[in-house]
Amino acid sequence: MTDLGEARFDEGLVARARALATDGRALLGVCGAPGAGKSTLAVRLAQGLGDAAVVVPMDGFHLHDDQLRRLGLADRKGAPETFDVAGYTALLRRLRDEADQTVYAPAFDRTRELALAAAIDVRPEHRVVITEGNYLLYDAPGWSDVLPLLDEVWYVEGDERTRLDRLVERHVAHGKEPDAAKRWATVSDQANADLVRRTRAAADVLVQID
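Since we're looking at a predicted model, the values are computed, not measured.

A.B. asks: It is not clear to me how the side chain of Asp189 should be interpreted in this structure. Could you clarify?
C.D. replies: Secondary-structure assignment places Asp189 in helix H7 (residues 188-197). Buried Asp189, no salt bridge; nearest opposite-charge side chain is Arg170, N-O distance 6.4 Å. With residues up to four places along the chain from it excluded, the contact list for Asp189 reads Pro34, Leu167, His171 and Trp184.

A.B. asks: How do you make sense of the packing of helix H1 (residues 11-19) against helix H2 (residues 38-49) when you look at a structure like this?
C.D. replies: Each pair of packed helices can be summarised by the angle the axes make with each other and by the distance between the axes. At a closest axis distance of 9 Å, the pairing of H1 and H2 adopts a crossing angle of 75°. As far as their axial angle goes, H2 and H1 are roughly perpendicular. In this structure, H1 contributes Leu13, Val14, Ala17 and Arg18 to the contact, and H2 contributes Leu41, Leu45, Gly48 and Leu49.

A.B. asks: Could you clarify how one ought to interpret the environment of Thr82 in this entry?
C.D. replies: Its location among the elements puts Thr82 in the loop between helix H3 (65-71) and helix H4 (85-97). For Thr82, a relative accessible area of 0% puts it in the buried group. Between the C-alpha atoms of Thr82 and Val205, which are 123 residues apart in sequence, the distance is 27 Å. If sequence neighbours within four positions are ignored, Thr82 has contacts with Phe61, His62, Leu63, Leu68, Leu73, Arg76 and Lys77. At 2.7 Å, the side chain of Thr82 and the backbone oxygen of Ala79 are in polar contact.

A.B. asks: Before we go on, may I ask you to explain the packing of helix H6 (residues 178-186) against H7 in this structure?
C.D. replies: Here H6 crosses H7 at 25°, and the two axes come no closer than 3 Å. On the basis of the axis angle, H6 is roughly parallel to H7. Counting all contacts with H6, which are made through Arg183, Trp184, Ala185 and Thr186, the residues of H7 involved are Ser188, Asp189 and Gln190. When the residues that make up the contact of H6 with H7 are grouped by side-chain class, the tally is two nonpolar, three polar and two charged.

The rules behind these values
- Residues numbered from 1 in each chain as written.
- Predicted model: local features only at pLDDT ≥ 70, side-chain atom pairs only at ≥ 80, totals over all residues.
- Heavy atoms only, no water.
- Helix = DSSP H or I, 4+ residues; strand = E, 2+ residues; numbered from the N terminus.
- Buried < 20%, exposed > 50% of the residue type's maximum accessible area, 1.4 Å probe, protein only.
- Lys, Arg positive; Asp, Glu negative; His and termini not counted.
- Salt bridge = Lys/Arg side-chain N within 4 Å of Asp/Glu carboxyl O.
- Contact = heavy atoms within 4.5 Å.
- Axes fitted to C-alpha atoms, helices over the stretch in contact; angles between N-to-C directions.
- Parallel < 35°, antiparallel > 145°, perpendicular 65-115°, else oblique.
- Polar contact = N/O pair within 3.5 Å; in protein donor to acceptor, adjacent residues only side chain to side chain.
- Nonpolar A, V, L, I, M, F, W, Y, C, P; charged D, E, K, R; others polar.

Function cannot be read off these values alone, since they describe shape.
Structural data, given as structure tokens:
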């Protein structure tokens, strides 16, 4: 792991991301526990890179709530088994292999907790594709196919209290009662966070975001 001094976001990260695409399109992964700040970093990187970058979130491959109920996983939403990892890896392969044409990717609407098909257009001019999600470094069957498709993976972490507070606020904003939001953040989300934290050593770069 290259540790950039566990530094806060700066132009050095934008420069490093830009350098990945010297010889063609690069796929940059941004990984971390729920609420760590992955989306914030991904968006700021894309803004710094301008029109050459696009963000493709792993969350677009959440299984629909109807499927989660069918599978008995409604109370585990966000765990590795609640994603279509085969679909995600298929998209990453297309983004590598079809860089000369537009590829459409799903987004995720947190206000409705729904994936939105073909909501993101990844065009040939997008030299850096930033994909962010919890399990980019996870080595379980299916998930272990993700890392070889990425040029680098950066692991985001920060103050743990801030991360938990951010998660509770997010759940409340999306309709959960405060007690239920806290319970979800400290039980279901925390189990996922503990799993993600165990993958930290496989990252190329550690970014302290708070």
